[in-house]
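Coordinates in review
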Amino acid sequence: MTVLGLSCYYHDAAAALVRDGRLVAAAHEERFTRKRHDPDFPYQAIAYCLQEAGISIDDVDYIGFYDKPFTKLDRILQTYFATWPRSYPSFIKAMPVWINEKMWVPQTIRKKLNFKGEILFCDHHMSHAASAFLVSPFKEAAILTLDGVGEWDTTTYGYGQGNNIRLLKTIHFPHSLGLFYSAFTYYLGFKVNSAEYKVMGLAPFGQPAFYDLIMKELVDLKDDGSFKLNMKYFSYDYGLKMTNSRFDQLFGFPRRKPESEITKFHQDVASSLQKVTEDIVLKMANHLYKETGLKNLCLAGGVALNCLANSRILKETPFKELFIQPGSSDAGGAVGVAAYVYYTLLNNQRKFVWKDAYLGPGYSQAEIKDFLIRKGICFKEYNGQELLKITARLLSEQNIIGWYQGRMEFGPRSLGNRSILADPRRGENKDRVNQKVKYRETFRPFAPSILWEKAKGYFEIDRESPFMLLTFKVKSREIPAVTHVDNSARLQTVKREENELFYDLLSEFYSLTGCPALLNTSFNLRGEPIVCTPEEAYLSFMRSGMDYLILGNYVLDKKEMAPLLEVFAYEKLFAQD
Ligand SMILES: [Fe+2]
């Protein structure tokens, strides 16, 4: 039995393939089209999933779509009419896309994919809930989904048992924790649905000086975590902007111009927003615990990528175990709907636990070598332990390394297969990687990957963190390049069964230096999706200050490379993130 899950038309389009209950492939469309957060129909991600499974579309029994387009259109039209005529510019912009494309999901699937099987639609938040619970290690768990908006829902409280999920309570648009966070992201001069994680990274630099103001004026929060936003300050329900002039007046400053200076005011706003968000999530989680009495929690939706909030749930609520899958925003909806069709609708017993993120395309050593020879690129070949020894030595000599191995990660985090690596023991490596390699803002923190067995020596850690979705306090002074200003780190713990080669590299670095961690950031330049092919890895390597590129077993030394015949400006090549 084969089910293809699809998510698209909002942001982060993706496809996922479930075969006999196992998730065998999943990928974001952006990784193929090279357009960050690409929302369009995921033709290339679908083609990849089929190719990975070695099947054609005729072998797919069901296609599941991650939301219900007509219910969503109903919400959009009702909102436009309720806010008319202020909504006119947004209406004019949105309607042609709905009329030409978004309304015709089944027709697109039939015509463009030539699919003859059954097409099923799932509520957006059910897709989120399924993407966490049905592939979690729990037989029974409470479920909290939090995002910008699906059809009408922005938050759901629920629980799952076996292959069934019940959503008990919802919060409706326009009252949305995701859109609330995005509104501040917009106000702080960052890109909505893209740079929310930058705001989260900025928050620890400030003080929550505006916390009381936000709670008094913007949010009406109840004890059960339900809330209403004061919509007189927001314009996302009718306009093309997220906040309005009243919002500016409330905080005393206009919206920060993108790329302009970040001041203490911006840091304090980010800090206040983060604290409000965390406190709302905590109230929700506490209420859900009270309602369900369950010790396990599954979180999903874009807000579940907020690792500071996630960590506070574990510290400050009675929940004992937490499962969040690596692509918990809308891309994960593709996995969710596929799992929902297979397990819930077709009533199959659960038998799969989502343990690693390596679900994307991979290239064989022969394919990589063929690429290098074809392009006339100079390389050295090493095998097994020798490759690990050389890489560890180069890292210890303060080289910044592009590490490209195996299948690409699903979700926004690089977890050791499409990673840029550096020595975490030198604080200056943070600035080197931010400025010379990724061309990004200096305040942005980097995360460490660490051998699971050694993690307790470096962090106040009581559980694994395989997907970099939790933060922990740093105990050691040995790794300043990956210690954030608040003395925390959003880390990846690595076990050998999760990623053998990356684990062995960490072990080799540990043997050489006594440090079991590496700075690990996604293999992309600013605004670029994570590299997918060997050629994209090579181009990003050449366009940045990386010193070496390890493509499979092949080592490329920047000093031996002929320069690219191009005038490179990342701002022109990739849209700003
Ligand atoms: Fe969503």
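This report concerns the structure included in the present document. If you're wondering where the values come from, they're calculated on a predicted model, not measured in any experiment.

Rules used in this analysis
- Residues numbered from 1 in each chain as written.
- Predicted model: local features only at pLDDT ≥ 70, side-chain atom pairs only at ≥ 80, totals over all residues.
- Heavy atoms only, no water.
- Pairing = 2+ DSSP bridges.
- Helix = DSSP H or I, 4+ residues; strand = E, 2+ residues; numbered from the N terminus.
- Contact = heavy atoms within 4.5 Å.
- Axes fitted to C-alpha atoms, helices over the stretch in contact; angles between N-to-C directions.
- Donors = N, O, S within 2.8 Å, 3.2 Å for Na, K, Ca; no water.
- Tetrahedral: all angles 85-135°; square planar, octahedral: opposite > 155°, others 65-115°.
- Buried < 20%, exposed > 50% of the residue type's maximum accessible area, 1.4 Å probe, protein only.

As summarised here, the arrangement of the 8 strands in space is 13-22-21-14-15-20-16-19, forming an open sheet in which the pairing is mixed. Lying at the two open borders of the sheet, with one neighbouring strand each, are strand 13 (380-381) and strand 19 (492-494). Most of the contacts of helix 15 (residues 384-396) go to strand 14 (residues 401-404), to which it runs at about 150 degrees, and overall it touches strand 14, strand 15 (418-422), strand 20 (517-522), strand 21 (548-551) and strand 22 (554-557). Helix-sheet contacts for helix 19 (residues 534-542) involve strand 14, strand 21 and strand 22, and the interaxial angle to strand 21 is about 175 degrees.

On to the coordination of the iron ion. Around the iron ion, the protein supplies His 124 (NE2), His 128 (NE2), Asp 147 (OD) and Asp 330 (OD) as donor atoms, at distances of 2.1 to 2.2 Å. Coordination geometry of the iron ion: the 4 donor atoms subtend angles of 89 to 165 degrees at the metal centre, consistent with an arrangement described as irregular. Positions of the donor residues of the iron ion along the chain correspond to the pattern H-x3-H-x18-D-x182-D. Highlighted residues: His 128 in helix 6 (residues 124-133) and Asp 330 in helix 13 (residues 330-345), separated in sequence by 202 residues. A single burial state applies to His 128 and to Asp 330, both of which are buried.

Taking strand neighbours across the sheet as the criterion, the 5 strands line up as 3-2-1-4-5 in an open arrangement whose pairing is mixed. In this open sheet, the two edge strands, each paired with only one partner strand, are strand 3 (22-28) and strand 5 (118-121). The mean angle between the axes of side-by-side strands here comes to 20 degrees, regardless of whether they run parallel or antiparallel. Relative to strand 3, strand 2 (residues 14-19) is paired through 6 bridges, and the arrangement is antiparallel. In the sheet register, Ala 16 faces strand 3, and the bridge partner there is Ala 26.

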